[in-house]
Amino acid sequence: MNAIKIENVHKTFHQKQVLNDICIDIEKGEIFGLLGPSGAGKTTLIQILIGQYIPDSGHTFILGKDSLKLAKEDYTQIGLVLDKDGLYDRLSCYDNLQLYASIYQLDSQKIESVLKQVQLYDDRKKAVNQLSKGMKQRLVLARAIMHEPQILFLDEPTSGLDPATTLKIHTLLLELRDRGTAIFLTTHNMEEAAKLCHRVALLNEGKIIECDTPTAICEKHNDLNKVTITTKDHQKYIFNNNKKDAERIYQLFQSENIQSIHSSEPTLGNVFIALTGKELD
Ligand SMILES: Nc1ncnc2c1ncn2[C@@H]1O[C@H](COP(=O)(O)OP(=O)(O)O)[C@@H](O)[C@H]1O
Ligand SMILES: [Mg+2]
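Remember, it's a predicted structure, so these values are computed and weren't measured experimentally. All residue numbers refer to positions counted from 1 along the written sequence of the respective chain. Chains and ligands are labelled by the order in which they are written, letters from A for the one and numbers from 1 for the other. Per-residue local features are limited, in this predicted model, to residues with pLDDT of at least 70; the limit for side-chain atom pairs, both in listing and counting, is 80 or more; totals at the level of whole chains, interfaces and linings are taken over all residues.

Caption draft 1: The arrangement of the nonpolar core in detail. To count as a nonpolar core, a set of buried Ala, Val, Leu, Ile, Met, Phe, Trp, Tyr and Cys residues must be joined through C-beta atoms within 7 Å. Counting other C-beta atoms within 10 Å of a residue's own tells you its class, since 20 or more makes it buried, 12 or fewer makes it exposed, and anything in between is partly exposed; those C-beta atoms are placed from the backbone. Core analysis: the biggest nonpolar cluster contains 59 residues, and Ile4, Ala142, Phe153 and Ile183 have the highest contact counts within it. Each helix is a run of DSSP H or I of at least 4 residues and each strand a run of E of at least 2, with the numbering of both proceeding from the N terminus. Ranked by residues supplied to this core, first place goes to helix α5 (residues 133–145) with 6 residues. We call two residues in contact when the distance between their C-beta atoms, placed using the backbone, is within 7 Å. Beyond its immediate stretch of four places on either side in the chain, Phe153 contacts Ile46, Leu49, Ile50, Ile78, Leu80, Val81 and Phe184.

Laid out in structure tokens, this is it:
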């Protein structure tokens, strides 16, 4: 059984098609990245997956169950990090988690262990309104994983965070993946996606234009490769990775005038720009 199954999902808002025939299967223990610029439809798809929005057509399934039929016990298998943090500002970190612990009937030891896991144990008595943005996001993550869900939805989990916090969150996500959690994350950060995700889907104007491992997507668009050659007389030449330019590269080799050669592999970011003509943020 797939952790998440998305079958031919369409969604429109006010006659504007936001999602157009989306199909994705995600396994347990997989980190799947949905990539796309702002307004591409990423959050809408998460809302459909968790049963908050109804698709115009198509179906989505969480652990085999239709998202529109999810019951209270199914939500115990799901952890959510959405854009609104939903934290109580005047309550401490510990007390915020305690509210959730009572819903899931978790004991206080679990609160302490998850606070340690996200490195907030020493700050557990601080009120939320005294936390930095990165600390708040780690608290939201703690709340999302406290009940050990099988599936974690993360909507732009590291957006606007400093590199140190981002790294802490990445490390935690990789640990969760190793324990078999399926992670569905949205991001417009291509480096994040390339580092964390087994597979990514590139979403543009509601359609998936590529879906594969980051390496496979980059290899498929290998024609975006550039070869830069600097000669001993400080001339710089930029060539394409194709037959036409190979002849000219060969001529430079023959002239024994080459100082250095650099090749730039296409990144997910380059591929996205080449396919859509758009930057991601
Ligand atoms: N509840 C809603 N009502 C009307 N339009 C919406 C609603 N939610 C999202 N949209 C529109 O759908 C499009 C995709 O939004 P969203 O899924 O939030 O994109 P992303 O998360 O990729 O930035 C946007 O044009 C947005 O304005
Ligand atoms: Mg969004």
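Caption draft 2: Geometry of the site of ligand 1. For each residue, a C-beta position is placed from the backbone atoms; the residue is near a molecule or strand when that point lies within 6 Å of it. In the neighbourhood of ligand 1, the contacting residues comprise Phe13, Val18, Gly36, Ser38, Gly39, Ala40, Gly41, Lys42, Thr43 and Thr44. Of all the elements, helix α1 (residues 42–49) adds the most residues to the shell around ligand 1, at 3 residues. In the scheme used here, Gly and all other residues not listed as nonpolar or charged are polar, with Ala, Val, Leu, Ile, Met, Phe, Trp, Tyr, Cys and Pro taken as nonpolar and Asp, Glu, Lys and Arg as charged. Tallied by class, residues from the shell around ligand 1 come to 3 nonpolar, 6 polar and 1 charged.

Caption draft 3: Molecular detail of the sheet that holds strand β9 (residues 199–204). Read across the open sheet, the 6 strands follow the order β6-β7-β8-β3-β9-β10; overall the sheet is mixed. Where the open sheet ends on each side, the last strands, each with one partner, are β6 (78–81) and β10 (207–212). The mean inter-strand angle of the sheet, taken between neighbouring strand axes irrespective of direction, is 15 degrees. Where strand β3 (residues 31–35) meets β9, 4 bridges bridge the pair, whose relative direction is parallel. Residue pairing across strands places Leu35 opposite Leu202, the latter belonging to β9. If DSSP finds at least two bridges between two strands, the strands pair. Lines are fitted to the C-alpha atoms to define the axes, a helix being fitted only along its stretch in contact, and any angle between axes, read from their N-to-C directions, falls within 0 to 180 degrees.

Caption draft 4: The arrangement of helix α9 (residues 243–254) in detail. With 12 residues, α9 extends 17 Å between its outermost C-alpha atoms, agreeing within 8% with the 16 Å of an ideal straight helix rising 1.5 Å per residue. Burial runs low along α9: only 0 of the 12 residues are buried. Just downstream of α9 lies Glu256, where phi reads positive at about 55 degrees. One less than the residue count of a helix, multiplied by 1.5 Å, gives the span that helix is expected to have.

Caption draft 5: Up close: unusual backbone geometry. Its identity as a non-glycine residue notwithstanding, Gln119 has a phi of 60 degrees, on the positive side. Mapped onto the elements of the fold, Gln119 is located in the loop between α4 (108–117) and α5. Of the residues examined, Gln119 has 14 C-beta atoms within 10 Å and is grouped as partly exposed. Here Glu205, not a glycine, exhibits a phi torsion of approximately 45 degrees, which is positive. Within the secondary structure layout, Glu205 lies in the loop between β9 and β10.

Caption draft 6: Spotlight on the packing of α5 against helix α6 (residues 163–178). The contact between α5 and α6 brings their axes to 10 Å, and the two run at 15 degrees. The angle between the axes of α5 and α6 places the two elements in the roughly parallel class. The crossing of α5 and α6 is right-handed. Touching Gly134, Gln137, Arg138, Leu141 and Ile145 of α5 are Thr165, Lys168, Ile169, Leu172 and Leu176, all from α6. The residue makeup of the contact of α5 with α6, split by class, is 5 nonpolar, 3 polar and 2 charged. By definition in this entry, angles of less than 35 degrees are roughly parallel, angles greater than 145 are roughly antiparallel, angles of 65 to 115 are roughly perpendicular, and the rest are oblique. A crossing counts as left-handed when the near helix is turned anticlockwise from the far one by less than a right angle, and as right-handed when that turn is clockwise.

Caption draft 7: Spatial organisation of the pairing of strand β13 (residues 258–264). Of all 7 residues in β13, 0 are buried, a share of ten percent or less. Examined bridge by bridge, strand β11 (residues 226–231) and β13 share 6 bridges and lie antiparallel to one another. Each residue of the ladder has a partner; that of Thr228, found in β13, is His262.

Caption draft 8: Region of interest: the confidence of the model for the protein. pLDDT expresses, on a scale from 0 to 100, how confident the predictor is about each individual residue. On average, residues of the protein score 92 in pLDDT, and 99% of them reach the 70 mark or higher. Within the protein, no element has a lower average pLDDT than helix α10 (residues 268–276), which sits at 87, and none a higher one than strand β1 (residues 4–13), at 98.

Caption draft 9: How the structure looks around the environment of Glu27. Mapped onto the elements of the fold, Glu27 is located in the loop between β2 (16–26) and β3. Note on Glu27: 14 C-beta atoms within 10 Å, which makes it partly exposed. Spatially, the C-alpha atom of Glu27 lies 5.1 Å from that of Asn2, the residues being 25 residues apart in sequence. When near neighbours in sequence (up to four residues on either side) are disregarded, Glu27 contacts Asn2, Ala3 and Ala182.

Caption draft 10: Quick peek at the sheet that holds strand β5 (residues 65–66). Read from one edge of the open sheet, 4 strands run β2-β1-β4-β5, paired in antiparallel fashion. Bordering the open sheet on either side are β2 and β5, each of which pairs with just one other strand. As defined by bridge partners, strand β4 (residues 57–62) adjoins β5 across 2 bridges and the pair is classed as antiparallel. Each residue of the ladder has a partner; that of Phe61, found in β5, is Asp66.

Caption draft 11: Here's a closer look at α10. Buried residues of α10: Leu268, Val271 and Phe272, and no others. Around the axis of α10, the buried residues are gathered within 100 degrees of arc, so they sit on the same side. Contacts from the buried residues of α10 go to α7 (190–196), β9 and α8 (214–220). Residue Gly277 follows α10 closely and has a positive phi angle near 75 degrees. Here the arc refers to the set of directions running from the helix axis out to each C-beta atom.

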